[in-house]
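Chain by chain, the residues:
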Amino acid sequence: MSVEKIDTLVVGAGQAGVAMSEHLSRAGVPHLVLERGRIAERWRSGRWDSLVANGPAWHDRFPGLEFDMNPDVFVPKEGVADYFVAYAEKFDAPVRCGVEVTSVRRVPGQPGFRVETSEGTLEVRNVVAATGPFQRPAIPPIVPTAAGVLQIHSSDYRNPGQLPEGGVLVVGAGSSGVQIADELSRAGRQVTLSVGPHDRPPRAYRGRDFVWWLGVLGKWNAQSPAPGTEHVTIAVSGARGGETIDFRRLAAQGITLVGLTQACENEVLSFRSDLAANIARGDANYLSLLDEADAYIARNGLDLPEEPEARVFAAEPSCITDPILQLDLAKAGIATIIWATGFTSDYSWLEVDAFDENGRPKHQRGVSPEAGIYFLGLPWLSGRGSSFIWGVWHDAKHVADHILIQRQYLDYRPSGQGGEKADSRQEAAE
Ligand SMILES: Cc1cc2nc3c(=O)[nH]c(=O)nc-3n(C[C@H](O)[C@H](O)[C@H](O)COP(=O)(O)OP(=O)(O)OC[C@H]3O[C@@H](n4cnc5c(N)ncnc54)[C@H](O)[C@@H]3O)c2cc1C
């Protein structure tokens, strides 16, 4: 069987794979992108129907292409996927869809890797794993599967009509959990929402979206999460034109808030008594951003409209002041549990020495210590923006630069033996 040879293989054609391909193309690095589904598959089939981008169109995009719509709208998920298809077409990205990479192994005694795919074998010098920050749905083993309720992960939720009649418990109050709970409540479902530690930035303040505030306040540049906040989710939404997530409003709308879901015994769930603390922590995070924004406006003499009403909170509902600590699933009429509890990674196909003892990728800004192996799109790969649309493009440039530099070393020949080759590549990249 013939073996296809290519310099660099990019695995995955989500936003990370497309960005990587653009930078490799610019650098003149021969490469191929293999995608087991379609371009931006997760935006098409891995998200609920009504999802819109969390950031406005002017921000959640690559530098090389604007969305063909009002820049302040929050683009529906299919529009986001279409954008990446159009982007890949723009520079004729060498993407092969419907091909799954099943294993990558170093070839003994020579540089590079042998790659097995659903459509044959390749030999490559470099592999960029762009398989996403959110790969395998994580459901904590709290409620036994036989508990008489349907349990699904947020990545399998599509719309209210998909669920059996009855109440819904949504576990997790990050961006996915709050949006799904809100949608179900508006569809007339009885919803209980389990709220853990979270940040909840204002959607907008004094006429500017929070993505703008994070930019001018330098917060997108943070290189690692603040100590102790690694497991803190962010509750933010672009739904219905973009609204600040407000747990008091969700409660007033009929959603019952409870603390962190802790255990389940005889189909009775117990929750931590941390709801008020979690809400207070989210409030503090919200107010601290308003304070920083006000200080920035004053410091720079900006003329942005005052917004004192942003600091007015409604009274705390009884579910916060007198929290439910136990819930009998059957008595409460809960027919479905949706676990909006995040994702883990799956690099079982990448059989190389690039992981720590916990199976996490080892890397510096995406460059792994295993020569020729790169990661892209991971949360905090280089900073806060790394797993988001606008941030991954810049990380991809860094990884492409590294690949190009390595190629130049390998191309080097002492003068008189073809030493001009590396220089001509450098020019092609500029
Ligand atoms: C609900 C939700 C909403 C989000 N909203 C936003 C937002 O509004 N704005 C924003 O900036 N970010 C958002 N994100 C974060 C991030 O932008 C997305 O997770 C995005 O999909 C990540 O892109 P990616 O290319 O890194 O990974 P993915 O989109 O996950 O792409 C990886 C690709 O790799 C493919 N693949 C995996 N394994 C293999 C294999 N072995 N062989 C071949 N192909 C493989 C997959 O099919 C997939 O297409 C959101 C995330 C979630 C979960």
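Residues numbered from 1 in each chain as written. Predicted model: local features only at pLDDT ≥ 70, side-chain atom pairs only at ≥ 80, totals over all residues.

Caption draft 1: Seen up close, helix α1 (residues 15-27). Compared with an ideal rise of 1.5 Å per residue, which puts 13 residues at 18 Å, α1 spans 18 Å between its outermost C-alpha atoms and is within 8% of the ideal. With 11 of 13 residues buried, α1 lies mostly within the body of the structure. Backbone geometry just after α1 places Gly28 at a positive phi near 70°. (Helix = DSSP H or I, 4+ residues; strand = E, 2+ residues; numbered from the N terminus. Expected span 1.5 Å × (residues − 1). Buried ≥ 20, exposed ≤ 12 C-beta atoms within 10 Å, placed from the backbone.)

Caption draft 2: Inspection of the nonpolar core at higher detail. If you look at the biggest cluster of nonpolar residues, it comprises 59 residues, and the most contacted ones within it are Met20, Val128 and Leu376. The leading source of residues in this core is helix α9 (residues 389-411), at 8 residues. What Leu376 contacts, discounting residues up to four positions off in sequence, is Ala16, Met20, Val128, Ala130, Gly366, Leu381, Val392, Asp395, Ala396 and Val399. (Core = buried A, V, L, I, M, F, W, Y, C linked by C-beta atoms within 7 Å. Contact = placed C-beta atoms within 7 Å.)

Caption draft 3: Molecular detail of the confidence of the model for the protein. In the predicted model, the protein carries a mean pLDDT of 95, and 97% of its residues have values of at least 70. Scored below 50 in pLDDT, residues 422-430 makes 13 contacts in the model with residues more than four places away or belonging to other chains. (pLDDT = per-residue confidence, 0-100.)

Caption draft 4: Highlighting the pairing of strand β19 (residues 334-339). Of all 6 residues in β19, 5 are buried; the element is thus mostly enclosed. Bridging between strand β8 (residues 150-153) and β19 involves 4 bridges; their strand directions are parallel. The residue bridging Gln151 from the neighbouring strand is Ile337, located in β19. Sheet topology places strand β9 (residues 167-171) next to β19; 5 bridges connect them, and they run parallel. Following the sheet pairing, Val171 is matched in β19 by Trp339. (Pairing = 2+ DSSP bridges.)

Caption draft 5: The arrangement of the sheet that holds strand β17 (residues 268-271) in detail. Taken in spatial order, the 3 strands line up as β16-β17-β18 in an open sheet, and their pairing is antiparallel. A single partner strand is all that each edge strand has here, and the edge strands are β16 (261-265) and β18 (326-328). Across this sheet, the average inter-strand angle for adjacent strands is 20°, counted without regard to direction. Bridge count for β17 against β18 is 3 bridges, and the pairing is antiparallel. Across the sheet, residue Val268 finds its bridge partner in β18, namely Asp328. (Axes fitted to C-alpha atoms, helices over the stretch in contact; angles between N-to-C directions.)

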